[in-house]
Every structure is written in C-alpha cells, then in structure tokens.
Amino acid sequence: MDLQHLEAPPTDAERAAVDALLGPAGSAWEGGDRTEGDLRRADGGHTARARRDLLLPALHAVNDRIGWVSEEALGYICRRLTVPPAEAYGVATFYSMLSLRERPRRQVHVCTDIACAARGAQRLRAEVAERLGEPGHAPGAPEGAPRADGPEQQDVTWAESPCLGLCERAPAALVLEAGERPRYAVAAPATAEEVCGPALPEPAGANGASANGHRPAPRTTFSPEPLPGPAAEPPPEASVPQVGDPGLILLRRIGAADPEDLDSYRAHGGYTALRRALLLGPSGVIREVTDAGLAGRGGAAFPTGRKWAATAQRPETPRYLVCNADESEPGTFKDRVIMEGDPFSLIEAMTVAGYAIGAQTGYLYIRGEYPRALSRLENAIAQARARGLLGPDVLGSGFSFDIEIRRGAGAYICGEETAIFNSIEGLRGEPRSKPPFPVEYGLFGRPTAVNNVETLVNVLPILQMGGPGYASIGVPGSTGPKLYCVSGTVARPGVYELPFGATLRELLELAGGCAPGREPRAVLLGGAAGGFVRGDELDFPLTVQGARDAGTTLGSGVVLVFDDTVDMAAVLVRIAAFFRDESCGQCVPCRVGTVRQEEALIRLSRGAGTGTELPLLREVGAAMRDASICGLGQTAWNAVESAIDRLGVFAGAAPASPTAPEEAP
Ligand SMILES: Cc1cc2nc3c(=O)[nH]c(=O)nc-3n(C[C@H](O)[C@H](O)[C@H](O)COP(=O)(O)O)c2cc1C
Ligand code: SF4
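For the structure given in this document, a descriptive report is provided here. None of these values were measured; they are calculated from a predicted model.

## Some remarks on the site of ligand 1
1) Next: In the region of ligand 1, 19 residues are neighbours, and Gly 298, Lys 307, Asn 324, Asn 452 and Thr 455 sit closest.
2) Next: Taking Glu 417, its main chain carries an N or O atom lying 3.0 Å from an oxygen atom of ligand 1.
3) Next: Val 450 places a main-chain nitrogen or oxygen 3.4 Å from an oxygen atom of ligand 1.
4) Next: Isolated, ligand 1 exposes 610 Å² of accessible area, and the fraction of that covered by the protein chains is 89%.
5) Next: When residues of the shell around ligand 1 are traced back to their parent elements, those giving at least two are strand S8 (448-452) and helix H25 (631-635).
6) Next: With 3 residues, S8 is the largest single contributor of residues to the shell around ligand 1.
7) Next: When its residues are assigned to classes, the shell around ligand 1 shows 4 nonpolar, 9 polar and 6 charged.

Written out as structure tokens, the structure reads:
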C-alpha cells in the first residue's frame, strides 16, 4: 500500500459509511467537492486533529459496510480526520477484525481457543475447512494459497479465532456480514452447516446510498435481525445456571428484568443506587466504596475506593471514566452476560462512578466480538438519555454525565488499561509505560479511572446496603460477591455467583462436576494469564489471598476445567499461540519470548524435544516476567510454568545436558 494521500476517490458506499459517522465533508480539504471558500482557507492545527479519536470508529464504519477497508477509503478517512496515512495504516493493521485486503462480505470466526478446544473445536474447524478451504482462503488471500472454488467459497471467508467469550456454549463461532446494516449471528454450540452459508444479497437500495447531509440519529451498529442459519441465540439467563436463586446479588435481575426496558429495570430496584449517590455526594460515595473493601474484578484486584479517590483529587480537568468491557481473556464471559442480561445496571453504575470521580464523560470500551451486548448497551444508553438519567442534568441534580461507546476490533491487548487509552485516542493499541499512572495521566492525558464491568456493577449493591453491610459478605480482604466463568469439561458451564471464600470444590460441585466417571485432571484459574491447579487441590478458598497461597490467581474469574480426556500439551501450545499472536510487539522480551515459548512447546508436544526446551522455557519465561512492559508479557509464562511444575506435563521430556549451553554455537 502506498502511504500517501491518493487522488482516487472512495466509492459512494465507502464515502457514505464515513459520512454517516462524521457528517458530510465540509470542504475539499476534507475530501469533499472544491468550493470558492476552499481557495481562501486551509484546515489544520489542533481543531482538525482533535477528531483523531474517531479513527477507529471510522475504520469500523467502512469495514462494517464493505467488509474491508480499501486504500481509497483509508485515504478519505485520513483527509476527514487529518491523520497521516502512515499512521492510519499502522492503526488499521493493528486490529484483527479490520482488513486492508479485499475479502468477502461474510466472515466466519471459529473459536479454537482452550475452552472450545476442550469441547470439540477441532472437529468444527476441520468441517469448516472441508467446506470453505483453509482459513483466509478468499479473494485477497495470500498469493499461492490454495482455495476451494465453489460459489460458497467466493462469498465467505473464515478465520480461526481466539476466545470469543462464549465458553459456556462451546464450541463457538461468530458470523459477521458487512452491509449497509451489518448483520451477525452467534452460533454456540456451532455446527459447520450453520455457519458456512453464502452471504445474503444486499437489501435493495443499499449500494451507494449516500448520507443525507445530516449526522444520523444514533442507531444500533448491527441489525437486530440476526443472520439466518444458526439457531436463535439463547437468552442471557441460559448462561446463569443459578438463575432465580434469591441469594443472588449481582445476577439477580438476569432473567427477571427485561434487559431492553428501562421501566422493567426500575421495577427491579434500578436507579435507587444513583439516587443514594446523589444524596451522599461524591466523597460520600467514595467512602462507601472504600468501606466496602471493593477490589477490582478485572484481574489486578486493586482497591476501587483508592483508585477513585486518587482520580477525584487530581486538579486537572476534565477527568474521565473508562469502563473496560474488552473481556478477551480466554475463558472469560461474565461481563458479556451482565451486559446482555442487565445492561442498565452498567449504565447506572458508570453514572455513579462518573459522579464520584468528577467526570462528565465515560467511555465504554466493548470488545468487537460482542454484537448483542453492544446493541443492548446502545439501547440502554438511548433510553437513559431520553429519561434524563444521562445528559446535562442527571435526575435534576445539575450533574452532567454521558457515555460514549467505543468498539474494539479484535486485539486482546486493548484490555490493558493504558492500551485502551491509545485505542480510544485513535493510536495503535499499545500499552504505555507506567508511571505516570492513569489516575494522573490517563485518557487524553487527563486523570482517568479505568474499571472493569463487574467491578462497576458491584457499586450498586454497595450503595444499596452500605459499605459495611457489603463488607460483611465474603471474608476480610476479599469482600462481596464474586462472579466465576466456569467452562470446559463440566456438566453445567456458565456464570456463577458466590461470596468470596467458597472453595473451588464447592464451585465445581455447583457446576455439576465432570461427566459421570470422569474427574477433573486440572483447573485453570485466571485464564491464560493465570495458573493451573490439580484435580486433588480443590479445597482452597476462592479469595485473592487463598488463590495466591495455592500458587495461582483468581484473575478475571476464569475457572476452566479439564478432565483426563483433554490433551494438556495441546492446551499449552494453544495458550502460547494466543500470547504470540496477541503480543503488541512493542518490547523485545515479549515479542521474541512468546515466539520462542511457542516453538519450544510445539517441539515438546510433538515429542521432538532436544532436551534444551525446559531450561529454555524457564529462561525465556523469567525474561518475559522481569522485563516486559505490561502484564501480557509478564504473565505469558505463568500458565505454562504451572502446567509443567504442578501437572507434570512434559515430565518425560529429557533434561538438557548440563554442558549443552556451552556447546551451543
Ligand atoms: C493484557 C491485559 C489484558 C487485560 N484485559 C482486561 C479486560 O479485558 N478487562 C478488564 O477489565 N481488565 C483487563 N485487564 C486489566 C486492566 O489493565 C485493569 O487492571 C482493569 O481494567 C482495572 O479495572 P478494575 O480495577 O476494575 O479491575 C487487562 C490487563 C492486561 C495486562
Ligand atoms: S509486554 Fe508484550 S503486549 Fe505488553 S507492551 Fe510489551 S510487547 Fe506489548
């Protein structure tokens, strides 16, 4: 691709997609028609560059409309947003859901990650490959790649995907079809017949439809009508085996309140927490959250009250709230279930958080593979706005707060709290070095509190029952209810809610244990960045400290169970491939280390080890842990190390000869 402005214009459809987001081009400087006025002025400077944060939404708009982003479309976006083409190219190529190569309108993403692999993903993968050829075989596929040539194959392309966050219904696939109103279908458990159909004809009049000169009213990004083919998606409560249990706190509305209706939410206790917050005042809210002992549920378990207090006391304004709904850790799906089943609770909780820290804008960064959650949140925000629960004067209190949704585009690293800032700002989603920390220098260089979805929705019961009341749930040091994403070879996978302190065995019993006659061989806690425990080590309490003492971490609540039918070496290779693929490549220990780790594991899993692999893995793992910039590299060796040391995977691998390193050339 030539990295300069092209004179070649975008197609009408590409231009319409961009204009629908940005409004029509106001001048020739922006890629519009030349007018008299253009001869007398030039656009530039800060004002022109201030819309850089719309780069990712603009790329999405074209990708959603056409299926890929052509050079001409990229050039038009660059003109509209005053972004240098080389930088826009760098951003567009960062995300796996965007394509700068021509491809069919329909894309099938087949999850081959660890939870799906434990439940038949390899068979699904093979069947899809039989119908559609190997992944990526479509117009624009790498040269020389063989491609099947039936009519279906012309219309559809497919890719192996990292975890789609549908682990409770594995094996999963997501079908996306570009068009004026892009459509999607979630198939889980998926079959090849369901997901391999050809793309549907475009609805009449869609092609080249141009914007009418006005910014359109906000609309759901995806059509509410899912693509035909896969069976209808079950409601969110189907992912909550405890549904209806009166003891539930965080999940109590799922299956009870209508997730698309604000009145129903209010009838089930919605917006009482915000009213109480407005009575307490910002510092009162922070005091309650601190007294509650709430710790972040996104993985690092940082005290939320301290984070909010540190943000609120910064003198710089504006301050921002960012809700981290990127949820891409393999095995994690709790945030999706909340967003699909109880979306208003997240909107209310974000409003409370914004009030506490003195923010007027909250960004909700949701992973790109969650179409139903996205629609439900867009609907919830629109209804809240219409009823004065968001906007310039929330509930007549004078507090001004609104929420902007930003959609990720297939990059796990964007869940890291500083990478998320870069992604929102229209830069490559690479983590920043810390310090400075987000509370002092975050989004757009302003004080920012980043919180996970589950963390935020915990604030509602805290305000309803009071900080000390909430703190009485769980155990000292780990207070409140906790959500667990239970998947793999268990009888009843799903999202479970238990007070902190329940044991892993109790949780697995609740989930029905393994199939009759089978025992859990291993449980992965905390996801790919977490650690394994053995099937005979299930009696420790699920608390931050309890997990630490057991040599693992609760992380984001992943509890992935493997019975003795699962090939653990293959699981490790998949984990390593995930980290190699998702490393942003910014720092050497992680960029090189994740590749070396995967290579060594592949050799070991094939029985082709040379005796040097285990020492090499330890050395590379230590370098990644000690010298990587962010948590991805720092944790990329955790699960592999625990599998080798605790589960004895590769126990038969020959140890390296002590003289081997010296002998190496
Ligand atoms: C590679 C990486 C990916 C992450 N992904 C997520 C994520 O998807 N969701 C999330 O809430 N936190 C994620 N985190 C943790 C965030 O950096 C941050 O700690 C969290 O959003 C803070 O919110 P909390 O205090 O409410 O937990 C990730 C961290 C790393 C290092
Ligand atoms: S550790 Fe990995 S993901 Fe994190 S900044 Fe370095 S290269 Fe990027």
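## Topic: the site of ligand 2
1) Next: Near ligand 2 lie 13 residues; those nearest to it are Cys 584, Gln 586, Cys 587, Cys 590 and Cys 630.
2) Next: At a threshold of 2 Å from the grid points, most atoms of ligand 2 map onto the second largest cavity.
3) Next: Along the lines of polarity and charge, the residues of the shell around ligand 2 split into 8 nonpolar, 5 polar and no charged.

## Looking at the sheet that holds strand S11 (residues 481-488)
1) Next: One open sheet accounts for 5 strands, arranged S12-S11-S15-S13-S14; its pairing is mixed. Of all strands in the sheet, those bounded by a partner on one side alone are strand S12 (494-499) and strand S14 (531-534). Here the average twist between neighbouring strands, direction ignored, is 30 degrees.
2) Next: Packing of helix H14 (residues 334-341) onto the sheet brings it into contact with S11 and S12, and relative to S11 it is tilted by some 110 degrees.

## So, the side chain of Asn 451
1) Next: Its place among the elements puts Asn 451 in strand S8.
2) Next: For Asn 451, a relative accessible area of 2% puts it in the buried group.
3) Next: Residues in contact with Asn 451, not counting those within four places in the same chain, are Thr 304, Lys 307, Trp 308, Val 322, Cys 323, Asn 324 and Leu 456.

## Some words on unusual backbone geometry
1) Next: The peptide bond linking Ala 188 to Pro 189 adopts the cis configuration, its omega dihedral lying at -5 degrees.
2) Next: For Pro 189, the location among the structural elements is in the loop between strand S4 (183-187) and helix H9 (192-195).
3) Next: Cis geometry marks the peptide bond from Thr 317 to Pro 318; its omega dihedral reads -5 degrees.
4) Next: Tracing the backbone through its elements, the reader meets Pro 318 in the loop between helix H13 (304-312) and strand S5 (319-325).
5) Next: Positive phi is not limited to glycine here, since Thr 82 has a value of about 55 degrees.
6) Next: In this fold, Thr 82 is placed in the loop between helix H4 (71-81) and helix H5 (85-92).

## Quick word on the pattern of salt bridges
Should the charged atoms of two oppositely charged side chains come close, the side chains can pair.
1) Next: Scanning the entire structure with this criterion turns up 43 salt bridges.
2) Next: Here Glu 440 and Arg 314 are joined by a salt bridge, their closest N and O atoms 3.8 Å apart. Of this pair, Glu 440 sits in the loop between helix H17 (419-424) and S8 while Arg 314 is found in the loop between H13 and S5, placing the two residues 126 residues apart along the sequence.
3) Next: Look at Glu 440 and you get partly exposed, because its relative accessible area is 28%.
4) Next: The partly exposed category is assigned to Arg 314, whose relative accessible area is 25%.
5) Next: For Arg 372, the salt bridge identified is with Glu 340, shortest N-O distance 3.1 Å. Of this pair, Arg 372 sits in helix H16 (residues 371-386) while Glu 340 sits in helix H14; the two residues are 32 residues apart in sequence, bridging distant segments of the chain. Side by side, Arg 372 and Glu 340 carry an identical accessibility label, which is buried.

Calculation criteria
- Residues numbered from 1 in each chain as written.
- Chains lettered and ligands numbered in written order.
- Predicted model: local features only at pLDDT ≥ 70, side-chain atom pairs only at ≥ 80, totals over all residues.
- Heavy atoms only, no water.
- Near = heavy atom within 4 Å.
- Polar contact = N/O pair within 3.5 Å; in protein donor to acceptor, adjacent residues only side chain to side chain.
- Areas by Shrake-Rupley, 256 points an atom, 1.4 Å probe, with all protein chains shown as cover.
- Helix = DSSP H or I, 4+ residues; strand = E, 2+ residues; numbered from the N terminus.
- Nonpolar A, V, L, I, M, F, W, Y, C, P; charged D, E, K, R; others polar.
- 1 Å grid on protein atoms, 1.4 Å probe; cavity = no way out; pocket = protein on both sides within 12 Å on 5 of 7 lines; lining within 4 Å.
- Sits in = over half its atoms within 2 Å of the grid points.
- Pairing = 2+ DSSP bridges.
- Axes fitted to C-alpha atoms, helices over the stretch in contact; angles between N-to-C directions.
- Contact = heavy atoms within 4.5 Å.
- Buried < 20%, exposed > 50% of the residue type's maximum accessible area, 1.4 Å probe, protein only.
- Salt bridge = Lys/Arg side-chain N within 4 Å of Asp/Glu carboxyl O.

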